[in-house]
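What follows is each chain in one-letter form.
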Amino acid sequence: MHASFVPTPEDILLASFPKSGTTWLKALAFATLHRADHPPRAADHPLRRLNPHGCVKFLELDLGLPAQDPKGGASGVLATHLPYSLLGRRITAEESGCRIVYICRDPKDAFVSSWLFTKKNMDDAAAAAAAMDPDDDSPPSKANKALCTVEEVFELFCNGRSLYGPQWHHVVGYWEESRRNPHKVLFLRYEEMLEDPVSNVKKLAEFMGCPFSAGEEAAARDIVELCSLDTLRNMEVNRNGAQLLARNDGFFRKGVAGDWRNHMTPAMAARLDRIVQGQLQGSGFTFTIAAQATT
Ligand code: PAP
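Here goes a summary of the coordinates provided. Computed from a predicted model, the values in this text were never measured in an experiment.

### Some points on the overall build of the chain
Here's step 1: Counting its regular elements, the chain contains 15 helices and five strands.
Here's step 2: Counting every position in the chain, which comprises 295 residues, the buried fraction comes to 51%.
Here's step 3: Of all intrachain contacts in the chain linking residues separated by at least 6 positions in sequence, the fraction that spans at least 24 positions is 73%.
Here's step 4: For the chain, the accessible surface area stands at approximately 14,400 Å², while carbon and sulfur atoms represent 56% of it.

See the structure below:
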């Protein structure tokens, strides 16, 4: 589907490795771009009735599907999990004018988030199947037999075998392009956004060509508030709605940096850090916060 996508200079592409803050970035970019039509405090703001994935579509998944909200679908902002090397010249060429915002996250947290998301979806599917067939008394764990153990999935992740992986190549591909071409690719870090969301939203707005004016200080703060994990999580659509393959509540879990500590052993974390550091050697890039976290 994405081969048919022809970007215009107004288009913004939000790129990320899965479970790195995509949903948050979609919400922030959408709310920032459309703040004139949809003030963040408005009761009928699209983010109050649509999940961020309903407001900003995925290039490789949704294009060509009927949009849930035609206005949202035509917002000029799209998202992708594709690595930079697979985007295609129509997007990456300087002449396309299309700009890319990338969000990166500590690989340990992205891994844990992905594992828990998959597990939850499998549990939800098993519960839904059980509800449809109450006479089937096989234990729920039986329905989940297909799910690998966390150790097996971790092994694959460490070997670079994950959806859109290896994670570190994904990040470095966009990071290098952001260094070569800072007006084409804005590189954001999930952990830095947690620390100072308002500054990062201002940076995002500037890059997207819609900077906040001096009188818009409150609007920037209101957008951060509207798009915060707690606000989005508590909306009816995100408590009870669903996307094609997942319930919306699964997109809003803890939203912190360093939760890997609660789900990985120190040995697992040290191993992944070693692999990533080895792979990053010579690139000039570091997951600074990740490196600090295990020392
Ligand atoms: P996706 O790749 O399926 O779109 P993505 O949104 O990139 O998922 O990542 C989900 C993570 O972002 C979750 O992290 P966790 O599992 O470690 O908690 C989710 O909680 C977090 N997240 C979602 N929305 C927000 C938000 N508004 N603010 C901060 N973090 C968020």
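### Considering the site of the ligand
Here's step 1: In the vicinity of the ligand there are 21 residues, among which Thr-22, Thr-23, Ser-113, Lys-254 and Gly-255 approach most closely.
Here's step 2: Between the ligand and Arg-105, the relevant distance is 2.9 Å, taken from an oxygen atom to a side-chain nitrogen or oxygen of the residue.
Here's step 3: Take Tyr-190: an N or O atom from its side chain is 2.8 Å from a nitrogen atom of the ligand.
Here's step 4: For the ligand, whose accessible area on its own is 640 Å², the fraction buried by protein is 96%.

### Things to note about the sheet that holds strand β1 (residues 12-16)
In sheet architecture, strand pairing relies on hydrogen bonds along the backbone and comes in two forms, parallel and antiparallel.
Here's step 1: Pairing is parallel in the open sheet, where five strands are placed in the order β2-β3-β1-β4-β5. With partners counted over all chains shown, the strands left at the sheet margins are β2 (57-58) and β5 (185-189), one partner each.
Here's step 2: In the sheet, β1 pairs with strand β3 (residues 77-80) via four bridges, with the strands oriented parallel. Its bridge partner lying in β3, Leu-14 is registered against Ala-79.
Here's step 3: In this fold helix α8 (residues 167-180) packs onto β1, β3, β4 (99-104) and β5, with an angle of close to 130 degrees to the strand it touches most, β5.
Here's step 4: Contacts from helix α10 (residues 197-208) reach β1, β4 and β5, with the element oriented near 170 degrees to β5.

### So, the side chain of Ser-96
Here's step 1: Residue position: Ser-96 is located in the loop between α4 (89-92) and β4.
Here's step 2: Here Ile-91 takes part through its backbone oxygen, which lies 2.9 Å from a polar atom of the side chain of Ser-96.
Here's step 3: Ser-96 has contacts with Pro-7, Thr-8, Pro-9, Arg-90, Ile-91 and Lys-184, leaving out every residue within four places of it along the chain.

### Describing the pairing of β1
Here's step 1: Along β1, five of the five residues are buried, which leaves the element largely enclosed by surrounding structure.
Here's step 2: Alternating positions in β1 separate into two faces, Ile-12, Leu-14 and Ser-16 on one and Leu-13 and Ala-15 on the other, with burial throughout.

### A word on helix α11 (residues 217-226)
Here's step 1: By the burial criterion, the buried members of α11 are Ala-219, Ala-220, Asp-222, Ile-223, Val-224 and Leu-226.
Here's step 2: On the buried face of α11, the contacting elements are α1 (22-33), α10 and α12 (229-233).

### Focus on the packing of aromatic side chains
Here's step 1: In this structure the tally under the stated criterion is twelve aromatic pairs.
Here's step 2: Ring plane angle 80 degrees and centroid distance 5.5 Å describe the contact between Tyr-84 and Tyr-174, whose orientation is recorded as edge-to-face. In this pair, Tyr-84 sits in the loop between β3 and α4 while Tyr-174 sits in helix α8, placing the two residues 90 residues apart along the sequence. Take Tyr-84 and Tyr-174: they sit in the same class, and that class is buried.
Here's step 3: Between the aromatic rings of Phe-285 and Phe-287, the centroid separation amounts to 4.9 Å while the plane-to-plane angle is 85 degrees, which identifies the pairing as edge-to-face.
Here's step 4: Classification of Phe-285 as buried rests on a relative accessible area of 3%.

### Comments concerning helix α5 (residues 107-132)
Here's step 1: In this model, α5 (26 residues) spans 37 Å end to end at C-alpha, consistent with the 38 Å of a helix rising 1.5 Å per residue.
Here's step 2: Among the residues of α5, those classed as buried are Pro-107, Lys-108, Asp-109, Ala-110, Phe-111, Val-112, Ser-113, Trp-115, Phe-117, Asn-121 and Ala-126.

### Quick look at the packing of α1 against α11
Here's step 1: Orientation of α1 relative to α11, taken along the N-to-C sense of each, is 145 degrees, at an axis distance of 9 Å. Here α1 runs over α11; the crossing is right-handed. Each of Leu-28, Ala-31 and Thr-32 in α1 lies in contact with α11, whose residues at this interface are Ile-223, Val-224 and Leu-226.
Here's step 2: The residue makeup of the contact of α1 with α11, split by class, is five nonpolar, one polar and no charged.

### Some remarks on the pattern of salt bridges
Here's step 1: Taken as a whole and assessed by the stated rule, the structure comprises 17 salt bridges.
Here's step 2: Across the salt bridge formed by Lys-119 and Asp-123, the nearest N and O atoms sit 3.9 Å from each other. Linking Lys-119 with Asp-123, this pair stays in helix α5, spanning four residues, or about one helical turn.
Here's step 3: Arg-180 is the partner of Glu-177 in a salt bridge, and the nearest nitrogen-oxygen pair spans 2.8 Å.

The rules behind the values
Residues numbered from 1 in each chain as written. Predicted model: local features only at pLDDT ≥ 70, side-chain atom pairs only at ≥ 80, totals over all residues. Heavy atoms only, no water. Helix = DSSP H or I, 4+ residues; strand = E, 2+ residues; numbered from the N terminus. Buried < 20%, exposed > 50% of the residue type's maximum accessible area, 1.4 Å probe, protein only. Contact = heavy atoms within 4.5 Å. Areas by Shrake-Rupley, 256 points an atom, 1.4 Å probe, with all protein chains shown as cover. Near = heavy atom within 4 Å. Polar contact = N/O pair within 3.5 Å; in protein donor to acceptor, adjacent residues only side chain to side chain. Pairing = 2+ DSSP bridges. Axes fitted to C-alpha atoms, helices over the stretch in contact; angles between N-to-C directions. Phe/Tyr/Trp six-rings, centres within 6.5 Å; stacked < 30°, edge-to-face > 60°. Expected span 1.5 Å × (residues − 1). Left-handed = near helix turned anticlockwise from the far one by under 90°. Nonpolar A, V, L, I, M, F, W, Y, C, P; charged D, E, K, R; others polar. Salt bridge = Lys/Arg side-chain N within 4 Å of Asp/Glu carboxyl O.

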